[in-house]
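Here is how the chains run, residue by residue.
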Amino acid sequence: MPGDVILRVENLNYSIGRNQILKNISFEINRGEFVGLIGPNGAGKSTLIRAIIGELEGFQGKVEVKGKIGYLPQQNNFERDFPITVRDTVAMGLYKNKGPFKFFNKADWKKVRNLLEMVGVAELSDRRIGVLSGGEYQRVMLARALATDPEILILDEPEAGIDEMGKTSFYKLLNELKKEIELTLLMVSHDIGLVFDACDRIMCLNKTLHCHKSTQEVSPEDLRVIFSPDFDLLIRGKDHLHKEHEL
Ligand SMILES: Nc1ncnc2c1ncn2[C@@H]1O[C@H](COP(=O)(O)OP(=O)(O)OP(=O)(O)O)[C@@H](O)[C@H]1O
């Protein structure tokens, strides 16, 4: 149901020794939203994601998730050397549901086929993952992340290793999934232009959360605060900012 909170983070603080990595982070994400998390290198984006998916120990504050989480980590090219087909890669995503000692049955393979169709790569089922393009591989990993039927999907820099055309169609696919299977999305990205095109809301992080607004409300000043002095590089070609703020 729209307006219904699926993720709530309250007063999250995290330090390593004397180095404060995350400072007083509080926000909510509603069911059905597509949220982009942006910030410079070392801003704490991956650390915040690790806290949300339950892989970070020793933080203060509260993380409350009301639903099943799916996670698409940063592309790991090491995994691509593994001699495994596309179909088997996606089937591995079902392990979490089935437990380690259960065999796959007909219904499982049907589900794998449906997932591959959903992300538009069903014709690649028998290929080895090592021969796929960056964009095809990312769709396969997306199908694997969806195998456990998550309600909120968290993606960490999914654009890495994908060419420009592939990126645009990948974000389009995420928006289709958002509608078709009522998925909530939280995505870390360095591709500011595509985040503005694809997401409903944007969170700007640099140790602390500087803004969390609808895409239309984010101003050049919001970006300047977190990205300065690299800001000019980032805004080049960003239609939204040019139109809305006459930059
Ligand atoms: N295990 C660790 N030990 C020491 N410092 C760490 C550790 N893990 C992360 N950090 C530091 O925490 C800060 C935040 O790191 P994090 O990876 O969350 O940033 P990020 O925003 O995801 O960066 P990037 O965009 O470069 O991936 C960085 O300064 C990093 O060096």
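Treat the numbers as computed from the prediction; the structure is a model and nothing was measured.

## Points about the overall build of the chain
Reasoning step 1: Summing up its helical and strand segments, the chain has ten helices and nine strands in all.
Reasoning step 2: In the chain, which comprises 247 residues, the proportion classed as buried is 35%.
Reasoning step 3: Within the chain, counting contacts between residues at least 6 apart in sequence, those at least 24 apart form 70% of the total.

## A short note on unusual backbone geometry
Reasoning step 1: Positioned with a positive phi, aspartate 149 is a non-glycine residue whose angle comes to about 55 degrees.
Reasoning step 2: Take aspartate 149: it is sitting in the loop between helix H5 (134-146) and strand S6 (152-156).
Reasoning step 3: Residue classification places aspartate 149 among the exposed positions, given that 12 C-beta atoms sit within 10 Å.
Reasoning step 4: Of note, the phi angle at lysine 207 is positive, near 70 degrees, even though the residue is not glycine.
Reasoning step 5: Looking at the element boundaries, lysine 207 is found in the loop between strand S8 (201-206) and strand S9 (208-214).

## What to know about the pairing of strand S1 (residues 5-16)
Reasoning step 1: For S1 and strand S2 (residues 19-30), the ladder comprises eight bridges, and the chain directions are antiparallel. When the sheet's bridge partners are listed, serine 15 is paired in S2 with glutamine 20.
Reasoning step 2: Here S1 folds back onto S2 in antiparallel fashion, the turn holding two residues, of which glycine 17 has a positive phi close to 60 degrees.
Reasoning step 3: Of the pairings in the sheet, the one linking S1 to strand S4 (residues 60-65) comprises five bridges and is antiparallel in character. From the neighbouring strand, glutamate 10 faces S4, where its bridge partner is lysine 62.

## Quick notes on the sheet that holds strand S5 (residues 69-72)
Reasoning step 1: Judged by pairing direction, the sheet is mixed, and its six strands sit side by side in the order S5-S6-S7-S3-S8-S9 without closing on themselves. With partners counted over all chains shown, the strands left at the sheet margins are S5 and S9, one partner each. Direction aside, the axes of adjacent strands within the sheet are offset by 15 degrees on average.
Reasoning step 2: Alignment of S8 against S9, held across six bridges, turns out to be antiparallel. Looking at the pairing, isoleucine 202 lines up with lysine 213 of S9.

## Observations concerning the site of the ligand
Reasoning step 1: The immediate surroundings of the ligand are formed by Ile16, Ile21, Gly39, Asn41, Gly42, Ala43, Gly44, Lys45, Ser46 and Thr47.
Reasoning step 2: It is helix H1 (residues 45-52) that contributes the most residues to the shell around the ligand, three residues altogether.

## Section: the sheet that holds S2
Reasoning step 1: Spatially, S2-S1-S4 is the arrangement adopted by the three strands of the open sheet, whose pairing is antiparallel. The open sheet has two free edges, formed respectively by S2 and S4, since each of these has just one partner strand. Direction aside, the axes of adjacent strands within the sheet are offset by 15 degrees on average.

## Focus: the nonpolar core
Reasoning step 1: Grouped together as the largest cluster of nonpolar side chains are 61 residues, with contacts concentrated most on Val90, Ala143 and Leu185.
Reasoning step 2: Setting aside its immediate chain neighbours within four residues, valine 90 contacts Val112, Leu115, Leu116, Val140, Ala143, Arg144 and Ala147.

## Considering H1
Reasoning step 1: With respect to burial, H1 is a largely interior element, six of its eight residues being buried.
Reasoning step 2: For H1, the complete set of buried residues consists of Lys45, Thr47, Leu48, Ile49, Ala51 and Ile52.
Reasoning step 3: Just downstream of H1 lies glycine 54, where phi reads positive at about 85 degrees.

## Some points on the confidence of the model for the chain
Reasoning step 1: Per-residue pLDDT for the chain averages 88, and the proportion of residues at 70 or more is 87%.
Reasoning step 2: The low-confidence segment residues 240-247, where pLDDT is below 50, has nine contacts with residues more than four positions distant or belonging to other chains.
Reasoning step 3: Reported confidences for the modelled complex are a pTM of 0.89 and an ipTM of 0.96.

Reading the values: the criteria
Residues numbered from 1 in each chain as written. Predicted model: local features only at pLDDT ≥ 70, side-chain atom pairs only at ≥ 80, totals over all residues. Helix = DSSP H or I, 4+ residues; strand = E, 2+ residues; numbered from the N terminus. Buried ≥ 20, exposed ≤ 12 C-beta atoms within 10 Å, placed from the backbone. Contact = placed C-beta atoms within 7 Å. Pairing = 2+ DSSP bridges. Axes fitted to C-alpha atoms, helices over the stretch in contact; angles between N-to-C directions. Near = placed C-beta within 6 Å. Core = buried A, V, L, I, M, F, W, Y, C linked by C-beta atoms within 7 Å. pLDDT = per-residue confidence, 0-100.

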